[in-house]
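Here is what each chain is made of, one letter per residue.
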2 protein chains.
Amino acid sequence: MTTITEQETMAKAKVTTPADREIRIERIFNAPRERVWEAMTDPELIPEWWGRGNKLVIEKLEVKRGGHWRYVEHGPEGVNGFEGRFREVTPPERVVQTFEWDGMPGHVLINTTTLEDLGDGRTKLVTTSLFHTGMERDGFLQSGMEGGMNQSYEALDRVLAKMG
Amino acid sequence: MTTITEQETMAKAKVTTPADREIRIERIFNAPRERVWEAMTDPELIPEWWGRGNKLVIEKLEVKRGGHWRYVEHGPEGVNGFEGRFREVTPPERVVQTFEWDGMPGHVLINTTTLEDLGDGRTKLVTTSLFHTGMERDGFLQSGMEGGMNQSYEALDRVLAKMG
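These notes cover the structure that comes with them. A quick note: this is a predicted structure, and the numbers were derived from the prediction, not measured.

1. As for the interface of chain B and chain A
On the side of chain A, 24 residues touch chain B, which itself brings 24 residues to the contact. When the two sides are added together, the surface that chain B and chain A hide from each other amounts to roughly 1800 Å², 49% of it contributed by carbon and sulfur. Applying the counting criterion to the chain B and chain A interface returns 8 salt bridges. Between D102 of chain B and R85 of chain A there is a salt bridge, with the nearest N and O atoms lying 2.7 Å from each other. For the pair chain B and chain A, the interface holds 21 residue pairs in polar contact (both at pLDDT 80 or more). Among the elements that line the side of chain B that touches chain A, the one with the most residues is strand β5 (residues 78–90) of chain B, at 4 residues. Residue composition of the side of chain B that touches chain A, by class: 8 nonpolar, 8 polar and 8 charged.

2. Notes on the relation of the copies chain B and chain A
With an RMSD of 0.0 Å, the operation that places chain B on chain A is a rotation of 180° combined with a shift of 0.0 Å along the axis. The two molecules are tied by a two-fold rotation axis, judged by turn and shift. Residues of chain B ranked by C-alpha distance from the rotation axis are headed by H132 of chain B, positioned 2.6 Å from it.

3. A word on the sheet that holds strand β6 (residues 94–101) of chain A
Residue and element names in this part refer to chain A. Taken in spatial order, the 8 strands make up an open sheet running β1-β2-β8-β7-β6-β5-β4-β3, and their pairing is antiparallel. Edge positions in the sheet fall to β1 (14–16) and β3 (55–61), since each has one partner strand and no second. Between one strand and the next, the sheet's axes are offset by a mean angle of 20°, whatever the strand orientation. Sheet analysis places strand β4 (residues 68–75) next to strand β5 (residues 78–90), joined by 8 bridges and oriented antiparallel. By the bridge assignment, W69 is partnered in β5 with G84. The strands touched by helix α3 (residues 134–141) within the sheet are β1, β2 (22–29), β6 and β7 (109–117), with β2 carrying the most contacts at an inclination of about 40°. Its contacts with the sheet place helix α4 (residues 145–163) against β1, β2 and β8 (123–130), and it is angled at close to 25° to β2.

4. Digging into the side chain of R87 of chain B
Within the fold, R87 of chain B resides in strand β5. Given the relative accessible area of 16%, R87 of chain B is considered buried. Of note is the side chain of R87 of chain B, whose polar atom sits 3.4 Å from the side chain of H107 of chain A. If sequence neighbours within four positions are ignored, R87 of chain B has contacts with P105, G106, H107 and E136 of chain A together with R65, V96, Q97 and I110 of chain B.

5. Some thoughts on the pairing of strand β4 (residues 68–75) of chain B
All names here are of chain B. Judged from the 6 bridges that link them, strand β3 (residues 55–61) and β4 form a sheet pairing that is antiparallel. Among the inter-strand pairings, V57 is bridged to a residue of β4, identified as V72. As consecutive antiparallel partners, β4 and β5 are separated by 2 residues.

Here is what the cut-offs are and how they apply
- Residues numbered from 1 in each chain as written.
- Chains lettered and ligands numbered in written order.
- Predicted model: local features only at pLDDT ≥ 70, side-chain atom pairs only at ≥ 80, totals over all residues.
- Heavy atoms only, no water.
- Contact = heavy atoms within 4.5 Å.
- Buried area = accessible area lost by both parts, 1.4 Å probe.
- Salt bridge = Lys/Arg side-chain N within 4 Å of Asp/Glu carboxyl O.
- Polar contact = N/O pair within 3.5 Å; in protein donor to acceptor, adjacent residues only side chain to side chain.
- Helix = DSSP H or I, 4+ residues; strand = E, 2+ residues; numbered from the N terminus.
- Nonpolar A, V, L, I, M, F, W, Y, C, P; charged D, E, K, R; others polar.
- Least-squares fit on C-alpha atoms with pLDDT ≥ 70 in both.
- Pairing = 2+ DSSP bridges.
- Axes fitted to C-alpha atoms, helices over the stretch in contact; angles between N-to-C directions.
- Buried < 20%, exposed > 50% of the residue type's maximum accessible area, 1.4 Å probe, protein only.

This is how it looks when you write it as structure tokens:
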């Protein structure tokens, strides 16, 4: 039973709202930090997990301060583009980038992601998302982002296991 | 003396900070609203005033919801890129767009600009800038933006007079 509980804990990200314009996501991955970093920044690997099975086209990915990124997801419900720019890139521990969905252009959130080496071969990811307004934060929470994110991270679990 | 006072009032924008993450700019132009809108959105006219005499290259300008813009200013102190995306475009009265300077990539502010027809051939521009944090707002205020903006708007005065 303990094993099942641990697996369940790992499979779902912990989502909290520490401030009225923020979302905090915490998720543990069963892989060393360098491997998690690689899976999150390699344009060959990102399509294997980010789109949760949907075709994902990496139109641009410049993983450096000032660089731009743009992903286009082709799903059964249509085509969705996402884009942004990197504010800080410190491999393999920290990345700060903007995030914008084509469906709500000009609504920009800031994602700050840190990867913490847990010392036992596992890595803790923490992402804090900062919005311009509480309304935008609430709209994002209500968009189904949590379910989609959990599916992406479960696919990332599988990518990390294959890489090992 | 009255005339001089009126000219002075028009020449300087009124800059206030209505909230801790906001800057509000108010400026009256001696031209009808349609003409001000045209000077602010036409890629042939923008270089005549935006760069305050510096060469300005309009790399991209898609004045529509979801469209991107990017201007590169070539000045004596170097090359500065600025870019963003349009959230709302309602000619000739309202435009909402993101604004980012290459020197601080991933720091994004939202500019909401309205043009009000004053009914006497003049137009009142109001721009509200919303930042993610108060620190970013304060940094922007301390960057010399006010002096640069006043120079741009004085150049815009001249462009509007030529168009008339």
